[in-house]
Amino acid sequence: MKIVLIGAPGAGKGTYAQILREKYCIPHISTGDIFREEIARDTELGRVVKSYIEKGLLVPDEIVIEVVSKRLKQPDASRGFILDGFPRTLEQAKALDEIVDVDAVVHLVVSEEVAVRRLSGRRICPVCNRVYNIYYEPKPREDEKCDYDGAQLIRRPDDEPEVVRNRYRVFYETFKPIIEYYRVSNKLIEVDSNKSIKEVFPVVEEVLRRNKILRLQPCKEDVRVG
Ligand code: AMP
């Protein structure tokens, strides 16, 4: 199952990727997470991408393409993967075709208002990258602490409402040609993601099974959904 999840900030890409990863044991490859890790480790790459991310700008294509190309060559990606945050430009989409033949591109569709509300409540575990929300499920069980490792959850600077609105607009400006690109190549699957995780996740699974993209059996049955 080689899939890409696309959608505006707040559409739920990270959330559904995390559930699919746990349930089907394939890696969730998020360029945003890779960059945040590089920044945290203060690597050369981290210092370069930090200057773009802090301003709410996209990282240049050649940098992102190299990072993704290397990551997809790792052995754990051979059975399948969930790409999240890439491609974000037409150049990246074309470069991805040269690297691997993806099975489907799932576009999670969300309104701007729902995106702003969701992201203003989003909290991330700095240790394991799990995503929570203080307004919606999955809420952390204990006050702003990770359920799994107890780390203090953090709010990303780019989740501030004004930054979210800007990211949402940047997404639609840059993404129109990509959506068309995948529509033309018959790889695009659109799912309404304005509802709760419990309602949307079964739709994602069902549409992937119907299109014979999801053929794996769950490696874990008791995955928490919403
Ligand atoms: P995300 O967690 O996906 O929202 O990514 C956080 C930030 O990393 C974005 O706002 C961009 O600045 C940068 N980034 C992540 N993925 C890409 C990409 N495919 N192309 C360009 N910039 C990216």
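Just above, that's the structure.
The following paragraphs examine the structure supplied in this document. (Residues numbered from 1 in each chain as written. Predicted model: local features only at pLDDT ≥ 70, side-chain atom pairs only at ≥ 80, totals over all residues. Heavy atoms only, no water.)

## Observations regarding the site of the ligand
Near the ligand, the surroundings consist of 15 residues, among which Thr31, Arg36, Leu57, Gly85 and Arg88 are the closest. At 2.5 Å, a backbone N or O of Leu57 approaches an oxygen atom of the ligand. One nitrogen or oxygen atom from the side chain of Arg88 is found 2.9 Å from a nitrogen atom belonging to the ligand. For the ligand, whose unbound accessible area comes to 480 Å², protein coverage reaches 95%. (Near = heavy atom within 4 Å. Polar contact = N/O pair within 3.5 Å; in protein donor to acceptor, adjacent residues only side chain to side chain. Areas by Shrake-Rupley, 256 points an atom, 1.4 Å probe, with all protein chains shown as cover.)

## Quick notes on the layout of surface pockets
Estimated volume of the second largest pocket: approximately 460 Å³. Contributing to the lining of the second largest pocket are 19 residues, with Arg36, Ile39, Ile154, Arg156 and Pro157 lying nearest its centre. At the level of secondary structure, the elements contributing two or more residues to the lining of the second largest pocket comprise α2 (31-40) and α3 (44-53). Its residues assigned to classes, the lining of the second largest pocket comprises 10 nonpolar, two polar and seven charged. (1 Å grid on protein atoms, 1.4 Å probe; cavity = no way out; pocket = protein on both sides within 12 Å on 5 of 7 lines; lining within 4 Å. Points joined across faces, edges and corners; volume = space filled by probe spheres on them. Helix = DSSP H or I, 4+ residues; strand = E, 2+ residues; numbered from the N terminus. Nonpolar A, V, L, I, M, F, W, Y, C, P; charged D, E, K, R; others polar.)

## Quick look at the pattern of salt bridges
Within this structure, the stated rule accounts for 25 salt bridges. The partner of Asp159 in a salt bridge is Arg122, and the shortest N-O contact between them spans 3.0 Å. Linking Asp159 in the loop between β6 (131-133) and α7 (161-184) with Arg122 in strand β5 (residues 122-124), this pair joins segments that are 37 residues apart in sequence. Just as Asp159 is buried, Arg122 falls in that class too. Glu160 is the partner of Arg155 in a salt bridge, and the nearest nitrogen-oxygen pair spans 3.8 Å. A cluster of three or more residues bridged by salt bridges with shared partners is formed by Glu112, Glu113, Glu162, Arg165 and Arg169. (Salt bridge = Lys/Arg side-chain N within 4 Å of Asp/Glu carboxyl O. Buried < 20%, exposed > 50% of the residue type's maximum accessible area, 1.4 Å probe, protein only.)

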